[in-house]
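# Architecture and fold: a report
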Amino acid sequence: MLETDRVRDAFTDLTDSIDPFLRPPGVESVHTTVRRRRQRRLGVTAAAAVAVAAVAGLAQLPAMEQPAPVVADQPAPADTLAPTAGAPSPAPPSMGTASAGGPSAAVTRTPGRGQDAGGPRTGRPTEPAMPPPACASTVSATANGSNLVIAADVICPGETIAVSWVTYEARRDGSQQLFANERLTLTEAQDRVTATLRESPTCVGPWYVLRDDPAIPATIAAEESKPFPAGTVVASEDGEICLS
Amino acid sequence: MPPDKLDFAEFYAASFRPLTHQLFAHTGDLAEAQDVVQEAFCKAWPRWSTLDDPGAWVRRVAWNLATSRWRRARRLLHLTRGAREEHAPGPGPDGVALRAALATLPERQRQAVVLFYLADASITEIAELTGAAEGTVKSWLHRGRAALALRLADDVPAGSEVRSA
């Protein structure tokens, strides 16, 4: 009994000895860390969305004869064209080189007038110089504990967006086993859904919110860092907490 | 300040120090102990509203983080033996002897003893936390306490070998 008391006293001595050196970082530090991690995740998601949008935009470029859509949006294209009506076009004569400059852009903005005015340019204004801006839907997700809100910030007319959440169970070997998932849809009529993440009670792994129905692997190998195709991960949170 | 935030702050204030005590006793590294405890709170905060028993949850997470990190650190230490500089505070003689004695215990025994003395955890709670049977925990505690008592009774200086009884 006496020996046991001495063990207890030794523990007290040990903890007393470190108390002066203890520097709890504080609750604000917890909040800051969590916020920073969320922002980093959102930043990665946003960067992926921008990359997807950029790729989508580039894919449409070949259909455009005039790679100067910004110029076409200048406020007074008709005014630029008007004085030249009936006169030779100030644009270079070759269609292949007429890719820059306000006047040619003005023609694209007012095709009817340009076509009437410039005989030599027949046919040119009928080309769809700038396609209508493609509607790109965006989806975001926020999680508060296990409560998830998935919302379409932009949803295109008539579009149905498939979204899903997925949770994985962490394994001792570093791999992750699919634990639960649920598929939901977002439409113009219902642009926001709520869900509850079901997470492993023993080894909490990461969760993901996905869009566009990517394949969901049953197992993610330890060395796999991108288990889902680019642009399909709306939000995610890492987790490798085994509780037993 | 929202009520849940206030609760979390109170919980943090009440739990950080004792948890750090436990993990320092287990790992012998105060900075590491503080790191894993803080990380456990960071894991808890986003789930705060859903945790039924936050004390047990945070303790489990902190211990699991510490265990996995400690194992990694031990492997690294094995590779770079002698290269690590210790920055340990200065406990009294019993504390010094205890640290030395704890370091000689097998990991699970040490965890059981630390939880018993510093977390006031019951055998059932230790069994749940470690995933071991209660009988196993009793055995760990018995052996661990005996080894510590022997060390302290003999007042063996840190780093010395334990004499056989």
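Because the structure is a prediction, the values reported are computed rather than measured.

### Observations concerning the overall build of chain A
Regarding its fold elements, chain A presents 6 helices and 9 strands. Taken over 244 residues, chain A has a buried fraction of 36%. Taking all contacts inside chain A whose residues are at least 6 apart in sequence as the whole, residues at least 24 apart take part in 64%. Entry remark: accessible area of chain A is about 13400 Å², with carbon and sulfur atoms responsible for 57%.

### Looking at the pairing of strand β8 (residues 233–237) of chain A
Along any regular strand the residues' side chains alternate between the sheet's two faces. Residue and element names in this part refer to chain A. The buried fraction of β8 amounts to 4 of the 5 residues, a majority that puts the element mostly inside the structure. Where strand β6 (residues 203–211) meets β8, 4 bridges bridge the pair, whose relative direction is antiparallel. Across the sheet, Y208 pairs through a bridge with S236, a residue of β8.

### A short note on the packing of aromatic side chains
Residue and element names in this part refer to chain B. Considering all chains together, one arrives at 12 aromatic pairs over all chains under this definition. Ring geometry for F16 and F41: centres 6.3 Å apart, planes at 20 degrees, overall stacked. With F16 in helix α1 (residues 3–27) and F41 in helix α2 (residues 30–44), the pair connects residues that are 25 residues apart, well separated along the chain. Here F16 matches F41 in class, with each residue buried. Within the aromatic cluster, the residues linked to one another by ring pairs are F8, F11, Y12, F16, F41, W45 and W48.

### Quick word on the confidence of the model for chain A
Averaged over every residue, the pLDDT of chain A is 68; the share at 70 or more is 54%. In the model, residues 63–128 of chain A has pLDDT below 50 throughout and makes 60 contacts with residues more than four positions away in sequence or in other chains.

### Details of the side chain of S137 of chain A
All names here are of chain A. With respect to the helices, strands and loops of the structure, S137 is situated in the loop between α6 (111–117) and β1 (138–144). Within the local environment of S137, its side chain forms a polar contact with the side chain of E159, the two groups lying 3.4 Å apart. In this structure the side chain of S137 is engaged in a polar contact, spanning 2.8 Å, whose partner is the side chain of R211. With residues near it in sequence (within four places) discarded, S137 still touches V154, I155, C156, E159, I161 and R211.

### Quick word on α2 of chain B
All names here are of chain B. For α2, spanning 15 residues, the distance from its first C-alpha to its last is 21 Å, which sits close to the expected 21 Å at 1.5 Å a residue. With 12 of 15 residues buried, α2 is to be regarded as a mostly interior element. All of the buried residues in α2 are L30, A33, Q34, V36, V37, Q38, E39, A40, F41, C42, K43 and A44. For α2, the N-terminal cap is D29; the gap from its side-chain oxygen to the backbone nitrogen of A31 is 3.1 Å.

### Observations concerning the nonpolar core
Across soluble globular proteins, nonpolar side chains have a tendency to be buried as a group. Among the nonpolar cores identified, the biggest contains 58 residues, and F11 and V30 of chain A together with L23, F41, V58, L102 and L148 of chain B are the most heavily contacted of them. Setting aside residues no more than four positions away along its own chain, L148 of chain B makes contact with V7 and F11 of chain A together with L98, A101, L102, L105 and V113 of chain B. With 20 residues, the next largest nonpolar core counts I161, V163, V193 and A235 of chain A among its residues.

The rules behind the values
- Residues numbered from 1 in each chain as written.
- Chains lettered and ligands numbered in written order.
- Predicted model: local features only at pLDDT ≥ 70, side-chain atom pairs only at ≥ 80, totals over all residues.
- Heavy atoms only, no water.
- Helix = DSSP H or I, 4+ residues; strand = E, 2+ residues; numbered from the N terminus.
- Buried < 20%, exposed > 50% of the residue type's maximum accessible area, 1.4 Å probe, protein only.
- Contact = heavy atoms within 4.5 Å.
- Areas by Shrake-Rupley, 256 points an atom, 1.4 Å probe, with all protein chains shown as cover.
- Pairing = 2+ DSSP bridges.
- Phe/Tyr/Trp six-rings, centres within 6.5 Å; stacked < 30°, edge-to-face > 60°.
- pLDDT = per-residue confidence, 0-100.
- Polar contact = N/O pair within 3.5 Å; in protein donor to acceptor, adjacent residues only side chain to side chain.
- Expected span 1.5 Å × (residues − 1).
- Core = buried A, V, L, I, M, F, W, Y, C linked by side-chain atoms within 4.5 Å.

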